[in-house]
Amino acid sequence: EVAGEVSAKILERFLPLKKDPQQKKEGQTVPDVCGKTVEEARALLQKAGFSLSVYGAMNDYTLVDRQIPSAGTVQPQQSVVECRPDDSARFRVPSLVGMSAEEAKQILRQANIAFSFTEADRGKITDQDPAAGTVVDKETALVLSADPTTEASSAEEQGSSSSADADESAGQ
């Protein structure tokens, strides 16, 4: 009877130290997404097997200030990690240079980011202020410069290739 009790105590003491291969499947460590944009946080969490929930009116460029559950905790896979902005709802300025003014307008409107154009509001974006990657408050308006001649030349190229195709088809 005494030997059984001693054996039981020894087993209880050492069994928890043994690594269980099933333990890894039961949960994953929550990655740290604070300081990341919502878009970056979503990618990190999905890669780790979690879902993202945003608090309030956060867009893909809003910076995450707090997360629940905390980074480093072990949670079941497919758990939801709630991300919250800081009090000023700062965001990281997206890269818009090189895209069409229409694409830039659509992205900024969907993200509820204020913007204006220095002159023309069509063509390709040639410059932006603040620069891409800059962290700013939600009240900051972006100032964009566009080259309207790039839009016109694209439309002319499409039009001339369409008329050349039509001439080629008519000749056959």
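The present account deals with the structure reproduced in this document. (Residues numbered from 1 in each chain as written. Predicted model: local features only at pLDDT ≥ 70, side-chain atom pairs only at ≥ 80, totals over all residues. Heavy atoms only, no water.)

### Describing the overall build of the chain
Phase 1 of the analysis: Helix and strand counts for the chain stand at five helices and 10 strands.
Phase 2 of the analysis: Across the 172 residues that make up the chain, the buried fraction comes to 27%.
Phase 3 of the analysis: Excluding contacts between residues fewer than 6 apart, the proportion of contacts in the chain whose partners are at least 24 apart in sequence is 65%.
Phase 4 of the analysis: Carbon and sulfur atoms provide 49% of the accessible area of the chain, an area that totals close to 11300 Å². (Helix = DSSP H or I, 4+ residues; strand = E, 2+ residues; numbered from the N terminus. Buried < 20%, exposed > 50% of the residue type's maximum accessible area, 1.4 Å probe, protein only. Contact = heavy atoms within 4.5 Å. Areas by Shrake-Rupley, 256 points an atom, 1.4 Å probe, with all protein chains shown as cover.)

### Some points on the pattern of salt bridges
Phase 1 of the analysis: Using the criterion set out here, one finds seven salt bridges in the structure.
Phase 2 of the analysis: For Arg 84, the salt bridge identified is with Glu 82, shortest N-O distance 2.6 Å.
Phase 3 of the analysis: With relative accessibility at 23%, the residue Arg 84 sits in the partly exposed group.
Phase 4 of the analysis: By relative accessible area, Glu 82 is classed as partly exposed at 23%.
Phase 5 of the analysis: A salt bridge links Lys 105 to Asp 121; the nearest nitrogen and oxygen atoms lie 3.4 Å apart. Linking Lys 105 in helix 4 (residues 101-110) with Asp 121 in the loop between strand 7 (115-117) and strand 8 (124-129), this pair joins segments that are 16 residues apart in sequence.
Phase 6 of the analysis: A single salt-bridge network, built from bridges that share partners, covers Glu 102, Lys 105 and Asp 121. (Salt bridge = Lys/Arg side-chain N within 4 Å of Asp/Glu carboxyl O.)

### A word on the packing of aromatic side chains
Phase 1 of the analysis: Applying the stated criterion across every chain, the model contains one aromatic pair.
Phase 2 of the analysis: Seen in terms of ring centroids, Phe 115 and Phe 117 are 6.1 Å apart; in terms of plane orientation they differ by 90 degrees. Their pairing is edge-to-face.
Phase 3 of the analysis: With a relative accessible area of 23%, Phe 115 lands in the partly exposed category.
Phase 4 of the analysis: Under the relative-accessibility criterion, Phe 117 is labelled buried at 16%. (Phe/Tyr/Trp six-rings, centres within 6.5 Å; stacked < 30°, edge-to-face > 60°.)

### Observations regarding the sheet that holds strand 8
Phase 1 of the analysis: Strands sit in the order 7-10-8 across an open sheet of three strands; the sheet is mixed. Edge positions in the sheet fall to strand 7 and strand 8, since each of these pairs with one other strand and no more. Within the sheet, the average angular offset between the axes of one strand and its neighbour, ignoring direction, is 30 degrees.
Phase 2 of the analysis: Pairing geometry for strand 8 and strand 10 (residues 142-147), over five bridges, is antiparallel. For Lys 124, the partnering residue across the bridge sits in strand 10 and is Asp 147.
Phase 3 of the analysis: Here helix 4 sits on the sheet and contacts strand 7, strand 8 and strand 10; the angle it forms with strand 7, its principal contact strand, is near 160 degrees. (Pairing = 2+ DSSP bridges. Axes fitted to C-alpha atoms, helices over the stretch in contact; angles between N-to-C directions.)

### Some thoughts on the nonpolar core
Soluble globular proteins: nonpolar side chains tend toward being buried together.
Phase 1 of the analysis: Core analysis: the largest hydrophobic core is formed by 16 residues, its most contacted members being Leu 96, Ile 113, Ile 125 and Leu 144.
Phase 2 of the analysis: The residues touching Ile 125, leaving out its near neighbours within four places in the chain, are Leu 96, Val 97, Gly 98, Met 99, Ser 100, Ala 101, Ala 104, Phe 117, Leu 144, Ser 145 and Ala 146.
Phase 3 of the analysis: Ranked by size, the runner-up nonpolar core spans 11 residues in total, among them Val 33, Val 38, Ala 41 and Ala 48. (Core = buried A, V, L, I, M, F, W, Y, C linked by side-chain atoms within 4.5 Å.)

### Quick look at the sheet that holds strand 2 (residues 51-54)
Phase 1 of the analysis: Across the sheet, three strands lie side by side as 2-5-3; this open sheet has mixed pairing. Here the strands that pair on one side only, and so sit at the sheet edges, are strand 2 and strand 3 (66-68). Averaged over all adjacent pairs, the angle separating strand axes in this sheet is 30 degrees, with direction ignored.
Phase 2 of the analysis: With three bridges joining them, strand 3 and strand 5 (residues 80-84) adopt antiparallel strand pairing. Bridge pairing in strand 5 places Gln 67 opposite Cys 83.
Phase 3 of the analysis: Against the sheet, helix 3 (residues 38-47) makes contact with strand 2 and strand 5, and its axis sits at roughly 155 degrees relative to strand 2, the strand it touches most.

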